[in-house]
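Working through the structure, step by step
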Amino acid sequence: MNKTKKLIAGVSSASVAVMLSGCNDNQAQELPPEPTDTECQDWEWDEDDGVYECDDTNSRFFGYYFFGGRYFSGTSSLLKNSKYKAYKNSSSFKGGSTGFGSNKGFGG
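Since the model is a prediction, treat every value here as computed from it, not as a measurement.

1. A look at the state of the cysteines
- This model, assessed by the stated rule, comprises 1 disulfide.
- Here C40 pairs with C54 through a disulfide, and the sulfurs are 2.2 Å apart. Classification of the bridge connecting C40 and C54 rests on its S-S torsion, roughly 100°, and on that basis the disulfide is right-handed. In this pair, C40 sits in the loop between α1 (2-30) and β1 (43-46) while C54 sits in strand β2 (residues 51-54), placing the two residues 14 residues apart along the sequence.

Here it is, written out as structure tokens:
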């Protein structure tokens, strides 16, 4: 009986590990590559807006969004950009679909 419990626990742990790693791989494959701009060394994906955000506290662009080779100080300036509007309304948009104002076409 003790052997069976150990076997089940081992199989369960392995299954969970495989499932978690599979989720991370799929998520990483869906995102575009991180920017290579030298003004920021640390990037974080903003799921709602579908762009990268500078997370480098030593950068003058800390907290800025990066899209189309440019930095944007906030969502309002990002939403004013015509290329971002086209991206947000396209099928290639990688942003979230939950929350107020995140539906395609809303506010843009």
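More follows now that the structure is in view.
2. Overview of the packing of aromatic side chains
- Counting across every chain of the model gives 10 aromatic pairs.
- Measuring from centroid to centroid gives 3.9 Å for F61 and Y71, while their planes differ by 10°, and the two rings are stacked. Taken together, the residues span a long stretch of sequence, with F61 in the loop between β2 and β3 (65-67) and Y71 in strand β4 (residues 70-72) at a distance of 10 residues.
- Its relative accessible area of 15% is what places Y71 among the buried residues.
- Feature note: the residues W43, F61, Y64, F66 and Y71 constitute an aromatic cluster, connected by ring pairs.

3. Focus: the sheet that holds β4
- Judged by pairing direction, the sheet is antiparallel, and its 4 strands sit side by side in the order β1-β2-β3-β4 without closing on themselves. Looking at strand neighbours, the two that pair on one side only are β1 and β4, the edges of this open sheet. Strand after strand, the sheet turns through a mean of 40° between neighbouring axes, direction not considered.
- Where β3 meets β4, 3 bridges bridge the pair, whose relative direction is antiparallel. Across the sheet, residue F66 finds its bridge partner in β4, namely Y71.

What counts, and where the lines are drawn
- Every chain begins its residue count from 1, and numbering advances along the sequence as written.
- The model is predicted, so local features are restricted to residues of pLDDT at least 70 and side-chain atom pairs to those at 80 or more, both for listing and for counting; the totals for chains, interfaces and linings are taken over all residues.
- Only hydrogens and water are set aside; all other atoms, that is, all heavy atoms of the structure, feed into the side-chain values.
- Two cysteine sulfurs form what is called a disulfide whenever their separation falls within 2.5 Å.
- A run of H or I in DSSP becomes a helix once it reaches four residues, and a run of E becomes a strand once it reaches two; helices and strands are each numbered from the N terminus.
- Stacked, tilted and edge-to-face pairs are distinguished by plane angle, under 30 degrees for stacked and over 60 for edge-to-face with tilted covering the rest, among Phe, Tyr and Trp rings (Trp via its six-membered ring) whose centres lie within 6.5 Å.
- We call a residue buried when its accessible area falls under 20% of the maximum for its residue type, exposed when it is over 50%, and partly exposed in between, using a 1.4 Å probe and counting protein chains only.
- For two strands to count as paired, DSSP must find a minimum of two bridges between them.
- A fitted line through C-alpha atoms represents every axis, and for helices the fit uses only the stretch in contact; the resulting angles, taken between N-to-C directions, go from 0 to 180 degrees.

Nothing here speaks to function; it is geometry throughout.
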